[in-house]
Amino acid sequence: MAEKMVRVRVPGTSANCGPGFDTLGLACTIYNDLELRLTREPGLSITMTGEGAANIPCDARNIVWRSVQYLLQKAGRDKDYRGAVIHMENHVPLSRGLGSSATAIVAGLTAANALIGNRFNRYELLEFATDIEGHPDNVAPAIFGGFTVNAVTDGHVDCFHFRPNFRLKLVVAVPDFPLSTRMARKVLPEEVPLKDAIFNVGRASMLVAALTRGNERFLRHAFDDALHQPYRAKLIPGMYDVFAAARAAGAAGATLSGAGPCLIAYVLERRHVEEAVGKAMQEAFRKHGVKSRILTLDLDTRGAHLLRK
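Residues numbered from 1 in each chain as written. Predicted model: local features only at pLDDT ≥ 70, side-chain atom pairs only at ≥ 80, totals over all residues. Heavy atoms only, no water.

Student: How do you make sense of the layout of surface pockets when you look at a structure like this?
Tutor: Unfilled space is identified by rolling a water-sized probe across the atoms. The space that makes up the largest pocket amounts to roughly 880 Å³. Lining the largest pocket are 43 residues, with Ser 95, Ser 100, Ser 101, Glu 133 and Thr 181 sitting closest to its centre. Elements supplying a minimum of two residues to the lining of the largest pocket: α1 (63–75), β4 (83–90), α2 (100–115), α3 (122–133) and α5 (181–186). Among the residues forming the lining of the largest pocket, the class breakdown is 16 nonpolar, 17 polar and ten charged. (1 Å grid on protein atoms, 1.4 Å probe; cavity = no way out; pocket = protein on both sides within 12 Å on 5 of 7 lines; lining within 4 Å. Points joined across faces, edges and corners; volume = space filled by probe spheres on them. Helix = DSSP H or I, 4+ residues; strand = E, 2+ residues; numbered from the N terminus. Nonpolar A, V, L, I, M, F, W, Y, C, P; charged D, E, K, R; others polar.)

Student: In this structure, what is going on with empty space enclosed by the protein? I would like to understand it.
Tutor: As enumerated under the stated definition, the model contains one cavity of 30 Å³ or more in all. Considering only enclosed or pocket space, the largest cavity measures out at about 30 Å³ in volume. Lining the largest cavity are Cys 17, Leu 24, Gly 25, Phe 147, Thr 148, Val 149, Phe 162, Leu 207, Val 208 and Leu 211. Going through the elements one at a time, β2 (24–39), β5 (147–153) and α6 (194–213) are the ones with two or more residues in the lining of the largest cavity. Of the residues in the lining of the largest cavity, the class split is eight nonpolar, two polar and no charged.

Student: Would you mind going over the packing of α1 against α2 with me for this structure?
Tutor: Helix packing geometry: the angle between the two helix axes and the distance between the axes. Their axes nearest at 8 Å, the elements α1 and α2 cross at an angle of 40°. Of the possible angle classes, the one that applies to α1 and α2 is oblique. The chirality of how α1 crosses α2 is right-handed. In this structure, α1 uses Ile 63, Val 64, Ser 67, Val 68, Tyr 70 and Leu 71 to contact α2, whose residues at the interface are Ala 104, Ile 105, Gly 108, Leu 109, Ala 112 and Asn 113. (Axes fitted to C-alpha atoms, helices over the stretch in contact; angles between N-to-C directions. Parallel < 35°, antiparallel > 145°, perpendicular 65-115°, else oblique. Left-handed = near helix turned anticlockwise from the far one by under 90°. Contact = heavy atoms within 4.5 Å.)

Student: What am I meant to see in the pattern of salt bridges here?
Tutor: Where charged atoms from two side chains of opposite charge approach closely, those side chains can pair. Using the criterion set out here, one finds 14 salt bridges in the structure. Residues Arg 61 and Asp 59 are paired through a salt bridge, measuring 3.0 Å at the closest nitrogen-oxygen approach. Of the charged contacts in the structure, one is a salt bridge between Arg 167 and Glu 269, with a shortest N-O distance of 2.9 Å. With Arg 167 in the loop between β6 (156–162) and β7 (168–175) and Glu 269 in the loop between β9 (263–268) and α9 (274–286), this residue pair connects regions lying 102 residues apart in the sequence. Overall, the relative accessible area of 57% leaves Arg 167 in the exposed class. (Salt bridge = Lys/Arg side-chain N within 4 Å of Asp/Glu carboxyl O. Buried < 20%, exposed > 50% of the residue type's maximum accessible area, 1.4 Å probe, protein only.)

Student: Can you help me understand the nonpolar core in this one?
Tutor: Side chains that are nonpolar tend, in soluble globular proteins, to be buried together. Judged by nonpolar contacts, the single largest core of 44 residues is most densely connected at Leu 36 and Ile 86. Setting aside residues up to four positions removed in sequence, Leu 36 forms contacts with Lys 4, Met 5, Val 6, Val 68, Ala 84, Val 85, Ile 86, Ala 111, Ala 112 and Leu 115. (Core = buried A, V, L, I, M, F, W, Y, C linked by side-chain atoms within 4.5 Å.)

Student: Would you mind going over the sheet that holds strand β8 (residues 253–256) with me for this structure?
Tutor: In a beta sheet, neighbouring strands are held together by backbone hydrogen bonds and run either parallel or antiparallel to one another. On the basis of which strands lie adjacent, the open sheet formed by four strands has the order β8-β9-β7-β10 and antiparallel pairing. Each edge of the open sheet carries a strand with a single partner, namely β8 and β10 (292–298). Neighbour-to-neighbour, the strand axes of the sheet open up by a mean angle of 20°, direction not taken into account. In this structure, β7 lies alongside β9, joined through six bridges in antiparallel fashion. (Pairing = 2+ DSSP bridges.)

Student: Even after reading the chapter, I still don't get the pairing of β8, so can you show me in this structure?
Tutor: Within a regular strand, the side chains alternate between the two sheet faces. Bridge analysis of β8 against β9 gives four bridges, and the strand direction is antiparallel. In the strand pairing of β9, Thr 255 is matched with Ile 264. Where β8 folds back on β9, the antiparallel hairpin that results is connected by six residues, among which Gly 258 adopts a positive phi of roughly 60°.

Student: How should I be thinking about helix α8 (residues 239–248) in this particular structure?
Tutor: Buried within α8 we find Met 239, Val 242, Phe 243, Ala 245 and Ala 246. Looking down the long axis of α8, one finds its buried residues gathered within 165° of arc, a one-sided arrangement. Tucked inside the fold, the buried residues of α8 contact α7 (229–232), β8, β9 and α9. Positive backbone phi, approximately 120°, marks Gly 250, located one or two places after α8. (Arc of directions from axis to C-beta.)

Student: What's the story with the packing of aromatic side chains in this structure? I'm lost.
Tutor: Aromatic ring pairs are reported here in terms of the distance separating the ring centres and the angle at which the planes meet. With the rule as written, the count across this model stands at seven aromatic pairs. Ring geometry for Tyr 123 and Phe 144: centres 5.0 Å apart, planes at 45°, overall tilted. Taken together, the residues Tyr 123 in helix α3 and Phe 144 in helix α4 (residues 139–144) connect sequence positions 21 residues apart. Ring plane angle 20° and centroid distance 5.7 Å describe the contact between Phe 147 and Phe 162, whose orientation is recorded as stacked. Pair noted here: Phe 147 is in strand β5 and Phe 162 is in strand β6, with a separation of 15 residues, a long-range link. The exposure classification of Phe 147 matches that of Phe 162, with both residues buried. An aromatic cluster is present here, built from Tyr 70, Phe 120 and Phe 128 joined pairwise through their rings. The ring of Tyr 31 has Arg 9 lying over it, and the distance from NZ or CZ to the ring centre is 5.7 Å. The ring of Phe 199 carries the charged tip of Arg 203 above its face, separated from the ring centre by 3.8 Å. (Phe/Tyr/Trp six-rings, centres within 6.5 Å; stacked < 30°, edge-to-face > 60°. Lys NZ or Arg CZ within 6 Å of the ring centre and 35° of its normal.)

Dropping the structure here:
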């Protein structure tokens, strides 16, 4: 009997959301799709189309395949399925801060889980994905959709996911250069001043409260950050000028997306200023010699899911 095949769609994500370093995240309406067929015989066939296809390994190093193997081992089914046929259609830019690695991890786990009868629930998949990725801020929204607040205690991940009480447009400026997460983490200090820690606790708390209550007034300073963005600014020419341009054009706030270099502006949909915000961000980048393209996205509220034939 021929082995089953499943198709999975996973949203791109933006982590940190300003003050929520390694704890806050959101899912957005840009997607990577995976087709997976497990085989009982050894052998691996991996094909890619779209963003970053030429730079993604198509052998045993592939993160989708490693995630599939991880789940099969957790389920005790790795001896039953020793190979796979994998095809990825990628729309999430690679190494830009929109969670491309998280989409691959979550896609592999979700698809393999479906093929063995959904042995694990979404919270268990979150534990697995966090173990693979190292932190939950990208993988959590990729699984659940919406905004997520995450905390890790003794290896256990608690995740609160929610939709904000107003509609947002997400305007993303995508620079024409990549930035590895490893490089972006390398510039961070091991210790930060107490006043900066207090600053971020207040802003992160205010951001979550404002989103859940739908209180727009408190968003004005809620996206500000003192823990990671000031140190990463030197890696992204004109970052703070792009933030200022976005706000001047009507955005509620703007932040580094994940580890960057994408910059994301949060726009209240009722204001209808997303086009103006995108142009302002692009122009601010241009003044610093950086070419960029603009993505105007919505908040994804579904998370990873199977695609029906």
